[in-house]
Amino acid sequence: MVKVVAIKFKNGGKLYYFAPKEGETYTRDMPVIVETSKGLEFAWVAYPEKQVTENEITPPLKSVVRIATEKDKLFYKSCLEKKPDAMAVCKQKILELNLDMKLVDCEYAFDGSKIVFYFTSAGRVDFRELVRNLAAHFHSRIELRQVGTRDETKYLGGLAPCGRVCCCAGNMPEFKKVTIKMAKTQGLSLNPGKISGLCGRLMCCLSYESEYYAEAFKKVPKIGSAATSPDGSGTVVSVNMLKMEVKLRLSDNAGNIAYRDYPVSALQFKKQQEQATSAAEEEDFLPDSEESDETKPAEEKNNPQRQSAGKQKEGQRREKNAKDKQAEAPRERRDPHGERPANTAQKAVRRAVETPRSEKQSEKRQEENQKPVRQENVFDSSSVFDFSSLPEKEK
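What you see is a predicted model; the values in this text were computed from it and never measured.

(A) Local environment of the sheet that holds strand S11 (residues 245-251). Read across the open sheet, the five strands follow the order S12-S11-S10-S9-S13; overall the sheet is antiparallel. Of all strands in the sheet, those with a lone pairing partner are strand S12 (257-263) and strand S13 (268-269), marking the two edges. The pairing of strand S9 (residues 226-229) with S13 spans two bridges and is antiparallel. Across the sheet, Ala 227 pairs through a bridge with Phe 269, a residue of S13.

In structure tokens, the structure reads:
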């Protein structure tokens, strides 16, 4: 086990592990200065000292430089105050150069060595001229980084359709994979306007309970399918996978219609029967003598009567399964020339071999073979002009 401190650089951002400095105690949300591959950065303590395994850390583990002093806090505050002016200058330069890009965010390095601008664009952008203009204006190193639409929403934030702050900007350190299958499994409307977030992609919250809904979806009937209840058979109208209840549409001989809710355990439906039959087939398929010699008891190994009975039972079971498959299979057509089933391809080959050609077809084939082969015209420059007949001057 390794003793570490969990550090975050932004609210709702990814957590990184750092080694605590000897002689310092940390509390939650305490500002600290850490050293990263980009240099010194201002960060906060997400979780104080805790023990983690060596597999959870990425060596080499860097240590916290120091707890942020008042001077560090004032410098970080001044960098935040300069951020709006830097954004305004960069937007103006983008308009002057007529670049197809949207500026999202910018940040100052804590050591003051560079300024990083984040932007989104539909394609590749040649921003070399923009970097030269920004470097001449700020007299500092400039970096431009292109991000996606989901990262844009994470930087800017906003209110989601549920009324809360967007998950990516509030409590999601890393993006998770979200698919349209998750929405189908949960029984949601497939209208893009209802299942899409502010970024225009599928909402991240669809993946929160996808595992539960994937398991519950296997245990409930499909909407529109038939199911049998204690009051009779009906049609499934809706399914509540949280309560595991199904609403059925029941009708009697007089034409009266009623809607009633039933628990899934009280119904019989096709999906349930298929699962039961598949499980039974798997059990029937496994013979009793499937066990290895190591797992069998010593009495059964040394008892020839039990071994012969087990082999006989296994043979009867295999014979029964073969008969059932043969009964379920459709009757195959028999070939009059043999006992094997006549396939269309086999029939065509046999007919071509056994049936002789007619005399007309053979005569026609002979006539085609006797026709002269057509020769292609080859351009010969000597056939157009006879250079030997020209006088010497014209040659």
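So, next bit.
(B) Here's a closer look at the sheet that holds strand S6 (residues 102-108). Here three strands make up an open sheet; going across it, the order is S6-S7-S8 and the pairing mixed. Where the open sheet ends on each side, the last strands, each with one partner, are S6 and strand S8 (141-146). Sheet twist, expressed as the mean angle between neighbouring strand axes with direction ignored, is 25°. Both S6 and strand S7 (residues 114-120) contribute to a ladder of six bridges, which runs antiparallel. Across the sheet, residue Glu 107 finds its bridge partner in S7, namely Val 116. Sheet strands touched by helix H2 (residues 128-138): S6, S7 and S8. Its angle to S8, the strand with the most contacts, is close to 140°. On top of the sheet, helix H3 (residues 149-156) reaches S6 and S7; it is set at about 55° to S6, its chief contact.

(C) Just unusual backbone geometry, in detail. The phi torsion at Asp 29 lies on the positive side, around 65°, for a residue other than glycine. Relative to the assigned elements, Asp 29 resides in the loop between strand S2 (15-18) and strand S3 (31-36). For Asp 29, a relative accessible area of 47% puts it in the partly exposed group. For Asn 98, which is not a glycine, the phi torsion comes out positive at approximately 55°. Secondary-structure assignment places Asn 98 in the loop between helix H1 (70-97) and S6.

(D) Just the packing of aromatic side chains, in detail. Under the definition given, this model contains 10 aromatic pairs. Judged by centre distance (5.8 Å) and plane angle (70°), the ring pair of Phe 119 and Phe 127 falls under edge-to-face. Residue Phe 119 is classed as buried on the basis of its relative accessible area, which comes to 2%. Taken together through their ring pairs, the aromatic side chains of Phe 42, Trp 44, Phe 75, Tyr 76 and Phe 110 make up a single cluster. Directly above the ring of Tyr 47 sits Lys 50, whose terminal nitrogen or CZ lies 5.4 Å from the centroid.

(E) Local environment of the nonpolar core. Among the nonpolar cores identified, the biggest contains 18 residues, and Met 101, Phe 117, Leu 134, Phe 138 and Leu 144 are the most heavily contacted of them. Those elements that place two or more of their residues in this core are H1, S6, S7, H2 and S8. Broken down by element, this core gets its largest block of residues, five residues, from H1. Those residues in contact with Phe 138, other than ones at most four positions away along the chain, are Ala 86, Val 89, Tyr 108, Ile 115 and Phe 117. The next biggest cluster of nonpolar side chains, apart from the first, holds 13 residues, and it includes Val 220, Leu 250, Tyr 262 and Val 264.

(F) The arrangement of a nonpolar patch on the surface in detail. On the surface, a cluster of nonpolar side chains totalling about 280 Å² of accessible area is made up of Val 237, Ile 257 and Tyr 259. With respect to the helices, strands and loops of the structure, Tyr 259 is situated in strand S12.

(G) Fine view of the side chain of Asp 72. Note that Asp 72 resides in helix H1. With relative accessibility at 8%, the residue Asp 72 sits in the buried group. A polar contact is formed between the side chain of Asp 72 and the side chain of Thr 69, at a distance of 3.1 Å.

What counts, and at which threshold
Residues numbered from 1 in each chain as written. Predicted model: local features only at pLDDT ≥ 70, side-chain atom pairs only at ≥ 80, totals over all residues. Heavy atoms only, no water. Pairing = 2+ DSSP bridges. Helix = DSSP H or I, 4+ residues; strand = E, 2+ residues; numbered from the N terminus. Axes fitted to C-alpha atoms, helices over the stretch in contact; angles between N-to-C directions. Contact = heavy atoms within 4.5 Å. Buried < 20%, exposed > 50% of the residue type's maximum accessible area, 1.4 Å probe, protein only. Phe/Tyr/Trp six-rings, centres within 6.5 Å; stacked < 30°, edge-to-face > 60°. Lys NZ or Arg CZ within 6 Å of the ring centre and 35° of its normal. Core = buried A, V, L, I, M, F, W, Y, C linked by side-chain atoms within 4.5 Å. Patch = residues over 30% accessible without salt bridge, like charges linked within 9 Å, V, L, I, M, F, W, Y side chains within 5 Å. Areas by Shrake-Rupley, 256 points an atom, 1.4 Å probe, with all protein chains shown as cover. Salt bridge = Lys/Arg side-chain N within 4 Å of Asp/Glu carboxyl O. Polar contact = N/O pair within 3.5 Å; in protein donor to acceptor, adjacent residues only side chain to side chain.

Keep in mind these numbers describe shape, not what the thing actually does.
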